[in-house]
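A structural walkthrough
So you can see what is in the structure, the chains are spelled out below.
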Amino acid sequence: MSAKDSIVLKDFGSFFTGGGNFTLTDKSLYEASFVKGGPVRSVDPNGDFETGQMYVQYYKLAEPTCRYPVLLWHGGGVTGACWGSTPDGRAGWDKLFLQNGYDIYVSDAVERGRAGWSRYPDIYETEPVFRSKQEAWINFRIGEQYSSVASERVPLVATQFPYEYFDMFMKQSVPRWTSNNAAIMAAYEEYIQRVGECILVVHSQAGEFAGYIAQKYPQYIKALVMLEASAVSSVYNSSADVPTLYIWGDNIRAGSLWEKYRANVYEFFRRQQADGKQVKWLDLPAHGICGNSHFLMLDKNSEAILALTVQWLDKVIR
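One numbering rule holds for all chains: residues counted from 1, following each sequence as written. Owing to the predicted nature of the model, reporting of local features is limited to residues with pLDDT of at least 70; listing and counting of side-chain atom pairs is limited to 80 or more, with chain, interface and lining totals taken over all residues. Side-chain metrics rest on all non-hydrogen atoms present in the structure, leaving aside hydrogens and water.

**What to know about the overall build of the protein**
Helix and strand labels come from DSSP, where a helix needs a run of H or I of at least four residues and a strand needs a run of E of at least two; each type is numbered from the N terminus. Looking only at helices and strands, one finds 7 helices and 12 strands in the protein. Only the C-alpha atoms count toward the radius of gyration. The rule for a globule is 2.2 Å times the residue count to the power 0.38. On C-alpha atoms alone, the protein measures out to a radius of gyration of 21 Å, which is about the 20 Å that the 2.2 N^0.38 rule sets for 318 residues. Taking the principal axes of the C-alpha coordinates as reference, the protein spans close to 65 × 50 × 45 Å. Across the 318 residues that make up the protein, the buried fraction comes to 49%. Partitioning the contacts of the protein with sequence separation of at least 6, the portion at a separation of at least 24 is 72%. Accessible areas in this description were obtained via Shrake-Rupley with a 1.4 Å probe; residue shielding takes into account the shown protein chains only. Only carbon and sulfur atoms are counted for the fraction: they give 48% of the accessible area of the protein, which is about 15,000 Å². Taking the average place of the 31 positive charges on the side chains of the protein and the average place of its 35 negative ones, the gap between the two points comes to 3 Å. Note on classification: 1.4 Å probe, protein chains only; a residue is buried when its accessible area is under 20% of the maximum for its type, exposed when over 50%, partly exposed between these limits. Throughout, a residue-residue contact means that at least one pair of heavy atoms, one from each residue, lies within 4.5 Å. Counted charges follow a simple rule, with Lys and Arg positive, Asp and Glu negative, and His plus the chain ends left uncounted. Here the site of a charge means atom NZ of a Lys, CZ of an Arg, CG of an Asp or CD of a Glu.

**Overview of helix H5 (residues 206–216)**
Among the 11 residues that make up H5, 8 are buried, leaving the element largely enclosed by the rest of the structure. Within H5, the full set of buried residues consists of Ala-206, Gly-207, Phe-209, Ala-210, Gly-211, Ile-213, Ala-214 and Gln-215. Lining the buried residues of H5 we find strand S5 (70–73), helix H4 (181–195), strand S9 (198–203), strand S10 (221–227) and helix H6 (257–274).

**Side note on the nonpolar core**
Side-chain atoms within 4.5 Å are what join buried Ala, Val, Leu, Ile, Met, Phe, Trp, Tyr and Cys residues into a set we call a nonpolar core. Core analysis: the biggest nonpolar cluster contains 44 residues, and Trp-93, Phe-97 and Ile-199 have the highest contact counts within it. Apart from the residues within four sequence positions on either side, Trp-93 is in contact with Trp-83, Val-201, Leu-227, Met-297, Ser-302, Ile-305, Leu-306 and Thr-309. Among the nonpolar cores identified, the runner-up in size contains 43 residues, and Ile-184, Ala-187, Ala-229 and Val-279 belong to it.

**Examining the pairing of strand S12 (residues 279–283)**
Between any two strands, pairing holds if DSSP finds at least two bridges. Inspection of the sheet shows strand S11 (residues 244–248) paired to S12 by 5 bridges, in the parallel sense. Counterpart to Ile-247 in the pairing with S12 is Leu-282. The handedness rule is simple: strands pointing away from the viewer, and a clockwise path from the first strand over the helix to the second, make the crossover right-handed. After leaving S11, the chain enters H6 and then returns to the sheet as S12, a path that is right-handed.

**Description of the side chain of Ser-118**
Looking at where Ser-118 falls in the secondary structure, it is placed in the loop between strand S6 (104–108) and helix H2 (133–139). On the basis of relative accessible area, Ser-118 is assigned to the buried category, the value being 9%. At 2.6 Å, the side chain of Ser-118 forms a polar contact with the side chain of Thr-51. Discounting residues that sit within four places of it in the chain, Ser-118 has contacts with Glu-50, Thr-51, Ile-123 and Tyr-124. Under this definition, polar contacts are N or O atom pairs within 3.5 Å; protein pairs additionally need one hydrogen-donor-capable and one acceptor-capable atom, and for neighbouring residues in sequence, both atoms have to be side-chain atoms.

**Things to note about unusual backbone geometry**
The omega torsion of the bond from Tyr-120 to Pro-121 falls at 5 degrees, within 30 degrees of zero and hence cis. Here Pro-121 is to be found in the loop between S6 and H2. For Arg-141, which is not a glycine, the phi torsion comes out positive at approximately 60 degrees. Of note, Arg-141 is situated in the loop between H2 and strand S7 (143–145). Relative accessible area serves as the criterion here: at 3%, Arg-141 is assigned to the buried category.

**Details of the sheet that holds S9**
Strand order in the open sheet made by the 8 strands is S1-S4-S6-S5-S9-S10-S11-S12, with mixed pairing throughout. Each edge of the open sheet carries a strand with a single partner, namely strand S1 (9–24) and S12. Each strand axis lies, on average, 15 degrees off the axis of its neighbour in the sheet, ignoring direction. Packed onto the sheet, H5 meets S5, S9 and S10 and runs at close to 150 degrees relative to S9. As a rule, the C-alpha atoms of each element are fitted with a line to give its axis, helices using only the stretch in contact, and angles between N-to-C directions run from 0 to 180 degrees. Those strands touched by helix H7 (residues 302–316) are S9, S10, S11 and S12, and its axis lies near 155 degrees from that of S10.

**Brief notes about the packing of aromatic side chains**
Note on aromatic pairs: the rings of Phe, Tyr and Trp (six-membered ring only in Trp) are paired at centre separations within 6.5 Å, and the planes decide the class, stacked below 30 degrees, edge-to-face beyond 60, tilted for the rest. Counting across every chain of the model gives 33 aromatic pairs. Distance and angle both matter: a charge sits over a ring if NZ of Lys or CZ of Arg is within 6 Å of the ring centre and within 35 degrees of the ring normal. Above the face of the Trp-137 ring, Arg-153 is positioned so that its terminal group lies 6.0 Å from the ring centre.

**Examining the pattern of salt bridges**
Between side chains of opposite charge, pairing is possible as soon as their charged atoms come close. What counts as a salt bridge is simple: a side-chain nitrogen of Lys or Arg found within 4 Å of a carboxyl oxygen of Asp or Glu. Tallied over the full model, the rule gives 10 salt bridges. Salt-bridge contacts for Arg-141 lead to Glu-228; the nearest nitrogen and oxygen are separated by 2.6 Å. Note that Arg-141 is positioned in the loop between H2 and S7 and Glu-228 in the loop between S10 and S11, a separation of 87 residues in sequence. When sorted by exposure, Arg-141 lands in the same class as Glu-228, which is buried. Through salt bridges that share partners, Lys-27, Arg-119 and Asp-122 make up one connected network.

Right under this line is the structure:
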């Protein structure tokens, strides 16, 4: 193992943030057996339950080279697992940031992964949304022709996504709800106030939450990196000046979902730019980095994208 691969930690752990009590009443009791061949017993769905919580795991280096930790926030329909090892087994951005001297915090937002989820429709108002493989294959810009037979799928020419491991990637897909944004935002707000000064590196859906946090709590956010954010803040604080890097890949078709998302984000970026904020729009093809899917941190050239990110952070922070 080389010195670069070696990671020496002084601490690691986890915590929950956000959420609170919800009381269910007037639900009918029912009977169930919890183990094969076990006794049938009465189940009471009424009572007090915790809901709206977020799960966070952190890793602190023995000798970090940056005084601010990196908080990694995932997008819709996935968990913090998207920052870990790539589907084809390469180092994820969690490990790469540690190797570059940053402490990291990786979260599973409300309703995702280890944060758990709550009853529908008693607590969550809408039904869960599950993303099909075909939708992911096309909307994430991996390929234009999907088949349930892996050998018959047609990836985009020169794609950087490890499409041979697409089925492995889809194992990290989880349901999402369209009615829980307020709970997610509340958990992120509590999270930020607990951690304090930090760097946010966020993907897709998390752009909306991070954008709002940066506008409301600029004193905590020392830098913000937006990987193909699907939205940004709905509010604008003219006094907030958080250094922000917007990163976009290619293969975005005219009229597509991602062209519309990018246009909305670019409008917000232009407003910041016109007001003299510390913002940068990083178009990866302009830097010779091409063929990317929506999941930039999982693509085969993810280390090159992270290197550009760290270079920018070195300029605005260290």
